[in-house]
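Working through the structure, step by step
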Amino acid sequence: MAIFNVNLNIHYSAPQEVWDEIEKCYAEMPQEEWNEWLQLFKTRLTRTLGYSIGEPEAGYEFKYWELL
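Please read these numbers as outputs of a predicted model, since none were measured by experiment.

**Regarding the packing of helix α1 (residues 16-25) against helix α2 (residues 34-49)**
Contact pair α1 / α2: the axes reach a minimum separation of 10 Å and the direction vectors enclose 145 degrees. The two elements α1 and α2 cross, and the hand of that crossing is right-handed. The segment α1 lies against α2, with Val18, Glu21, Ile22 and Cys25 engaging Phe41, Arg44, Leu45, Thr48 and Leu49. Its residues placed into classes, the contact of α1 with α2 shows 6 nonpolar, 1 polar and 2 charged.

**Describing α2**
One full turn of an α-helix is made of 3.6 residues, so residues set three or four places apart face in the same direction. The terminal C-alpha atoms of α2, which comprises 16 residues, lie 22 Å apart, in line with the 22 Å expected from a rise of 1.5 Å per residue. For α2, the full list of buried residues reads Trp34, Trp37, Leu38, Phe41, Lys42, Leu45 and Leu49. Summarising the axial view, the buried residues of α2 lie within an arc of 135 degrees, below the 170-degree limit, and thus occupy one face. With respect to the buried face of α2, the exposed residues turned more than 90 degrees away are Asn35, Glu36 and Arg47. Tucked inside the fold, the buried residues of α2 contact α1. Trailing α2 by a residue or two, glycine 50 shows a phi angle of about 85 degrees, which is positive.

**Focus on the nonpolar core**
Grouped together as the largest cluster of nonpolar side chains are 14 residues, with contacts concentrated most on Ile10, Ile22, Phe41, Leu45, Leu49 and Ile53. Of all the elements, α2 adds the most residues to this core, at 6 residues. If we skip the residues at most four places from it in the chain, isoleucine 10 touches Trp19, Ile22, Leu45, Leu49, Tyr51, Ile53 and Phe62.

Rules and cut-offs
- Residues numbered from 1 in each chain as written.
- Predicted model: local features only at pLDDT ≥ 70, side-chain atom pairs only at ≥ 80, totals over all residues.
- Heavy atoms only, no water.
- Axes fitted to C-alpha atoms, helices over the stretch in contact; angles between N-to-C directions.
- Helix = DSSP H or I, 4+ residues; strand = E, 2+ residues; numbered from the N terminus.
- Left-handed = near helix turned anticlockwise from the far one by under 90°.
- Contact = heavy atoms within 4.5 Å.
- Nonpolar A, V, L, I, M, F, W, Y, C, P; charged D, E, K, R; others polar.
- Expected span 1.5 Å × (residues − 1).
- Buried < 20%, exposed > 50% of the residue type's maximum accessible area, 1.4 Å probe, protein only.
- Arc of directions from axis to C-beta.
- Core = buried A, V, L, I, M, F, W, Y, C linked by side-chain atoms within 4.5 Å.

Below, the structure written as C-alpha cells:
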C-alpha cells in the first residue's frame, strides 16, 4: 500500500466538532484514485467546514480557533 502525506490548512486548535466532521469525510482510496479522492476530500471539507481547504504551500490560509 502506498502512503501519501498531504498538508491541509486545518489547525490543531479546531474544536472537536470540526474533527468529527473531518473523520466523517475521510475514507481510504486506492492509489490510482488518490488525486481524484484528495480533490473530493478537500471539496467536501470546504463545504462542510465553511472555509477553503487546501495545501498551505498553495496559499491556503489556516483558520485558528481559540483554545479553551
